[in-house]
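Examination of the molecular architecture
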Amino acid sequence: MKTILIAVAAVTAGIATIPAQTEDFGAAYSFDERKPQTPVERVIAKVQPSLVKVHGASGIRGITSYATGIIVSKQGHILTLDQILIQQDRTRVVLYDGSVHRAKVLPEDPGLGVRLLKIDPTLVNGELQALWPPDEEGARYRTGQFVVSVGNCFRLAEFSEKLSATFGVVVGKADTALRYRLQDVKYDGELILTDACNNPGHYGGALFTLDGRWLGINARLLDSKETNTMLSAVIPVRDVLPYLEDHILGKRRVEEVVEKVPAWTGMVLFDKAGRRSPPAYVDRVVRGSPAEQLGLRPDDLVVRIDDYSIRSCKEYREVLEKYAAGDSVQLTWKRGTTIKNGELKLARDPKAEEAKK
Amino acid sequence: MAAALCAAQDPDLAAVLASERRRTAVIERCAAAVCSVMAMDSPGGGSGVVFDPAGFVLTNFHVVGKADDDYHLPDAPEPPAADLAKWRTEHPDADAAAVAEFTKAWKDSWCDENWPSGTDLYKPKKVGMPDGKLYEGIVLGIDPGSDLAVLRLVPKAPGQTWPYCDFGDSDALLAGETVFAMGNPFLLATDFTPTVTFGIVSGTHRYQEGSGQRMLVYPDCIQVDAPVNPGNSGGPLFNEAGQVVGINGRISIGDRGRVNVGVGFAIASNQIKNFLGDLMAGRHAEHGTLDMSAWFMNSGTGDERRRGVYVQQMFRDAIVADAGVSIGDEITWFNGSDVRSANQLATLIGVLPAFTWVSLGYRPAQGENAFGDERRVTLRMAYLDTGSSKDGHGADARMASRSDRRLAARAIMARWQFGADEPSGRTFTLAAAGGGDGSDGYTARSDGTRLQLQLGERTLVQAGASESFAREGGQIRSLAVEERARLDRELRSNPFLWNGRTIGERLRDALLRGGVHVHGIAGYRFALPGDGDCEAWLTLDGRPLGCAFRDPIGRKRVEYHIHPAQFYFVADGELQPGWSVATATVEHDESWFARKP
């Protein structure tokens with residue numbers, strides 16, 4: 001590169017010699033960033049290399065085809081939410097440096113609604129910066145605590161562009177038992193609720209405390225059509241640990257296999273087939289059954305079992321599946337205009353018992 | 001009182017309260033400059049921010065909207081009685097026809113002074129300031145390409161000033177940094193007190209596609225989680241120091257309709273600065289383009305992996321085609337940055353005004369999956385037609401009135417600080433480096449009012465209004481007409497020859513003509529009165545950046561684009577390679593202007 005300076009007799013200070021037009025000189029416009037200074041800036045800068053963009057097959061019917069993932073092992077394991085259209089052979093992962101990798105799809109955890117992907121670590125430039133769930137103390141969170149949520153909302157970041165970060169507080173926790181629309185949440189435990197914004201694409205991203213502890217994985221928004229409100233929900237990372245240990249460390253947990261005996265109430269509901277499951281009206285009550293002992297009658301409407309609202313026969317069946325024979329539940333039902341409730345002792349279904357024999 | 005008591009006992013609380021006080025003080029100061037912008041005769045509106053005490057307001061183009069087709073410029077008033085009476089005493093025997101001629105001439109000159117040029121005319125807007133008062137806002141420049149517009153508030157009393165906010169450096173923003181948005185969401189505030197919302201920077205340098213014919217592109221925006229809603233459009237985004245780092249213009253929306261979901265986009269202040277000169281001069285700001293589209297590709301596996309930005313489409317007569325780039329070539333470098341993605345390239349290009357000189361690096365495609373060595377070319381960007389304006393793209397198509405441009409020039413200068421104490425002498429040397437034949441090279445020496453120009457063997461001196469001469473071969477002679485004009489134009493336009501004592505005088509009657517962009521440095525172009533099409537270019541903070549004038553000796557229009565690390569010498573629109581410039585601040589020497597050497 002030719003750059004020729006001309007000499008000027010230096011009279012005093014303040015001389016500037018500007019070289020001729022060349023093609024090799026400083027950047028006119030720089031993407032260089034300053035160093036992070038505040039805790040929020042530091043957390044966001046620190047975790048970026050551990051998060052990835054996940055692209056699934058093309059989205060259909062409002063299911064987004066993109067999400068965020070969290071690198072959880074140097075061997076290339078990536079944790080994401082199992083709510084985008086993930087297909088074997090069609091799932092790609094974009095790392096922090098902009099490189100694109102094909103991902104193998106590992107079995108999901110149906111209870112949590114999360115899934116592991118795996119990329120080939122030998123094709124990665126440098127070493128993967130993996131995160132791992134903190135210990136119980138480190139994963140503790142409190143309502144009002146500041147949090148930062150990082151993810152690829154609306155697929156705003158492409159290739160080496162940085163993921164979006166939002167800031168908020170933990171507004172509380174929710175027991176999914178209290179959820180209103182059962183079908184929306186696969187997860188069956190405690191959820192962290194936050195006002196840090198969460199949007200399509202942000203799902204599968206991570207929630208951090210200001211000192212950089214990994215608290216959870218961004219889940220889909222919980223919404224209520226009745227109140228027109230939406231909540232950002234986050235699955236606590238401690239709950240995902242057994243799944244990670246199982247698939248990454250090969251530490252299969254030995255679970256006590258207890259044979260579960262289906263619960264039986266003795267109520268037969270008026271459940272006609274149709275697109276929408278009808279309200280849980282009692283059609284008849286089996287003689288000698290727990291329901292009869294509690295005093296249920298045909299035309300009673302079951303509205304609640306323990307903390308679960310029952311709005312349809314389908315919800316009644318789904319909730320009952322959570323219990324086994326021998327459990328007791330608080331049953332609330334409506335008769336005419338009065339609300340009644342009492343303790344229902346769940347039993348074994350005598351017909352099923354006979355059939356077994 | 002109670003808080004102070006608690007604070008005394010709890011050092012953490014004291015710190016929180018101190019930070020709260022700082023924040024509320026900044027918000028209070030900023031809020032005074034945030035306004036609501038509304039049309040005169042239709043509902044709806046947006047927000048804006050005053051960025052100059054003379055009442056210049058920045059807002060979104062989509063807030064002022066497209067031009068009002070049914071609007072006509074007001075007729076010129078009748079000449080004031082005093083002027084007419086004075087003229088009558090000077091022309092006692094004037095008949096009715098002569099009076100009519102005088103009246104017409106007076107009206108023409110009034111229109112010349114007060115009418116904007118161009119075909120996109122706007123009715124004045126209503127601008128509500130937080131003092132509760134409504135002002136008339138004259139729409140000056142528009143930038144439909146990236147959604148900006150500048151208005152000027154009409155003072156209710158002569159010399160009125162407004163609270164204003166300075167621009168900050170948007171490139172210094174980092175994800176996680178605290179920012180706050182102000183404006184009038186849903187036009188909630190009927191007394192124009194702005195709403196403040198708080199959040200962090202979620203991402204920087206985001207590229208957001210536009211709509212329609214390349215309109216309303218956000219090439220380099222700041223993503224924020226501070227709630228931004230309809231009505232916030234055009235309002236400012238502030239950093240913690242209370243500087244304007246962006247203009248909030250659009251949001252991503254979720255399933256709940258057109259309301260905030262925590263993803264807002266602000267036009268970065270550093271991009272705005274690149275167009276500020278054009279906007280304040282009332283122009284239709286033009287964006288630059290390379291006349292090509294390039295996409296990111298990531299294909300192949302293993303050793304044959306191709307990752308990069310490749311040229312996909314271009315016109316046969318595209319400026320990049322003239323520079324040697326063809327379809328399939330890989331774009332590797334732009335203006336000093338390595339090109340990593342198509343979005344990044346779009347960002348780098350999108351923030352630049354049309355006709356900016358840029359450097360492009362590319363690797364020519366050589367057959368299947370093979371590329372030659374990187375080549376670098378320098379070219380002047382073309383303009384991107386957004387299809388949003390009826391105004392042509394001529395040099396002076398859309399322009400604010402002369403009075404507005406004079407006012408803009410004075411407002412800009414009023415905020416500059418000039419160092420009057422430093423040495424007053426200036427030298428400026430243009431020299432051919434290597435290849436050039438040196439015929440146009442010269443050295444100029446000035447003390448701000450007098451000028452000596454050394455052109456090869458000739459020395460031309462302008463030592464005062466009536467004192468000028470040429471010295472050639474030991475002989476003193478008087479100046480030829482073109483030599484006199486050359487001295488005059490050089491001194492009038494070249495800000496590198498001005499000093500702190502004379503700059504105010506030099507720019508006193510200047511009109512703002514537009515903006516200029518010299519390799520990453522934005523500036524203003526000032527048109528100077530007199531012949532020779534003289535323009536002085538100064539940076540936004542008043543440092544010399546270059547100049548342009550018609551050289552009567554070389555018989556061409558010369559432009560000096562002077563970046564601290566780079567010099568572009570342009571003659572009649574063509575880049576002249578191989579020239580360099582040296583400038584110096586020195587104690588001036590009386591011998592420069594003496595008849596005897």
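Calculation notes
Residues numbered from 1 in each chain as written. Chains lettered and ligands numbered in written order. Predicted model: local features only at pLDDT ≥ 70, side-chain atom pairs only at ≥ 80, totals over all residues. Heavy atoms only, no water. Helix = DSSP H or I, 4+ residues; strand = E, 2+ residues; numbered from the N terminus. Buried < 20%, exposed > 50% of the residue type's maximum accessible area, 1.4 Å probe, protein only. Axes fitted to C-alpha atoms, helices over the stretch in contact; angles between N-to-C directions. Parallel < 35°, antiparallel > 145°, perpendicular 65-115°, else oblique. Contact = heavy atoms within 4.5 Å. Nonpolar A, V, L, I, M, F, W, Y, C, P; charged D, E, K, R; others polar. Salt bridge = Lys/Arg side-chain N within 4 Å of Asp/Glu carboxyl O. pLDDT = per-residue confidence, 0-100. Phe/Tyr/Trp six-rings, centres within 6.5 Å; stacked < 30°, edge-to-face > 60°. 1 Å grid on protein atoms, 1.4 Å probe; cavity = no way out; pocket = protein on both sides within 12 Å on 5 of 7 lines; lining within 4 Å. Points joined across faces, edges and corners; volume = space filled by probe spheres on them. Expected span 1.5 Å × (residues − 1). Pairing = 2+ DSSP bridges. Core = buried A, V, L, I, M, F, W, Y, C linked by side-chain atoms within 4.5 Å. Left-handed = near helix turned anticlockwise from the far one by under 90°.

**Focus on unusual backbone geometry**
All names here are of chain B. Backbone geometry places Phe186, a non-glycine residue, at a positive phi of 55 degrees. Within the fold, Phe186 resides in the loop between strand S7 (178–183) and strand S8 (195–208). Unusually for a residue other than glycine, Phe192 sits at a positive phi of about 70 degrees. Within the secondary structure layout, Phe192 lies in the loop between S7 and S8. On the basis of relative accessible area, Phe192 is assigned to the buried category, the value being 11%.

**Focus on the packing of helix H5 (residues 96–114) of chain B against helix H9 (residues 402–414) of chain B**
Axis angle and axis distance: for two packed helices, these are the angle between their axes and the distance between the axes, and together they describe the pair. Residue and element names in this part refer to chain B. Following both chains from N to C, one finds H5 and H9 inclined at 45 degrees, their axes separated by 5 Å at the closest point. The orientation of H5 relative to H9 falls into the category oblique. Between H5, through Asp112, Glu113 and Asn114, and H9, the contact on the second element is made entirely by Arg402, Ser403 and Arg406. Classifying every residue of the contact of H5 with H9 by side-chain character gives no nonpolar, 2 polar and 4 charged.

**As for the pattern of salt bridges**
Oppositely charged side chains are able to pair whenever their charged atoms sit close together. Residue and element names in this part refer to chain A. The tally for this structure, following the rule as stated, stands at 45 salt bridges over all chains. The partner of Arg213 in a salt bridge is Asp211, and the shortest N-O contact between them spans 3.4 Å. The exposure class of Arg213 is partly exposed, given its relative accessible area of 24%. With a relative accessible area of 55%, Asp211 lands in the exposed category. Its salt-bridge partner being Arg317, residue Asp271 comes within 2.4 Å of it at the nearest N-O pair. Taken together, the residues span a long stretch of sequence, with Asp271 in the loop between strand S16 (267–269) and strand S17 (282–285) and Arg317 in helix H4 (residues 313–320) at a distance of 46 residues. On the basis of relative accessibility, which here comes to 36%, the residue Asp271 falls in the partly exposed class.

**Let's talk about the confidence of the model for chain A**
Across chain A, the average pLDDT comes to 82, with 80% of residues at or above 70. The model gives residues 1–13 of chain A a pLDDT under 50, and that stretch makes 22 contacts with residues more than four places away or in other chains.

**A look at the packing of aromatic side chains**
For any pair of aromatic rings, the description rests on two quantities: the centre-to-centre distance and the angle between the ring planes. Residue and element names in this part refer to chain B. Inspection of the entire model under this criterion finds 23 aromatic pairs over all chains. Taking the centre distance of 6.2 Å and the plane angle of 80 degrees together, the rings of Trp416 and Phe418 count as edge-to-face. Under the relative-accessibility criterion, Phe418 is labelled partly exposed at 29%. Taking 6.1 Å as the distance between ring centres and 50 degrees as the angle between the ring planes, the aromatic pair formed by Tyr524 and Phe526 counts as tilted. Here the two residues Tyr524 and Phe526 agree in accessibility, since each one is buried.

**Some thoughts on empty space enclosed by the protein**
Residue and element names in this part refer to chain B. Scanning the entire structure with this criterion turns up 4 cavities of 30 Å³ or more. Taken together, Ser170, Thr204, His205, Asp220, Cys221, Ile222 and Ala268 make up the full set of residues lining the largest cavity. With 3 residues, strand S9 (residues 218–224) is the single largest residue contributor to the lining of the largest cavity. Partitioning the lining of the largest cavity into residue classes produces 3 nonpolar, 3 polar and 1 charged.

**Notes on helix H10 (residues 481–493) of chain B**
Because each turn of an α-helix spans 3.6 residues, side chains separated by three or four positions end up pointing in the same direction. Between its terminal C-alpha atoms H10 of chain B stretches 18 Å, which fits the 18 Å expected from 13 residues at 1.5 Å a residue. Burial in H10 of chain B covers these residues: Glu483, Ala485, Arg486, Leu487, Arg489, Glu490, Leu491, Arg492 and Ser493 of chain B.

**A look at the sheet that holds strand S21 (residues 338–345) of chain A**
Residue and element names in this part refer to chain A. What the 4 strands build is an open sheet, ordered S19-S18-S20-S21; its pairing is antiparallel. Single-partner strands in this sheet number two, and they are strand S19 (308–309) and S21. Of the strand pairs in this sheet, strand S18 (residues 301–305) and S19 are connected by 2 bridges, and their pairing is antiparallel. Each residue of the ladder has a partner; that of Arg304, found in S19, is Ser309. Docked against the sheet, H4 engages S18 and S19, running at close to 40 degrees with respect to S18.

**Overview of the nonpolar core**
Within the largest apolar cluster, 97 residues are counted, with the highest numbers of intra-cluster contacts made by Leu58, Phe428, Leu507, Leu512, Phe526 and Tyr560 of chain B. When neighbours within four sequence positions are excluded, Leu512 of chain B is seen to be in contact with Gly277, Met280, Ala281, Arg405, Ala408, Ala409, Ile412, Tyr524, Arg525 and Phe526 of chain B. In this structure, Leu112, Val114, Trp214 and Leu244 of chain A belong to the second largest nonpolar core, which totals 38 residues.

**Section: the packing of helix H4 (residues 81–90) of chain B against H5 of chain B**
All names here are of chain B. At a closest axis distance of 12 Å, the pairing of H4 and H5 adopts a crossing angle of 135 degrees. In terms of orientation, H4 and H5 fall into the oblique class. Helix-helix and strand crossings are classified by hand; for H4 and H5 the assignment is right-handed. From H4, Asp83, Leu84, Trp87 and Arg88 reach across to H5, where they touch Ala98, Val99, Phe102 and Trp106. Split into classes, the residues belonging to the contact of H4 with H5 amount to 6 nonpolar, no polar and 2 charged.

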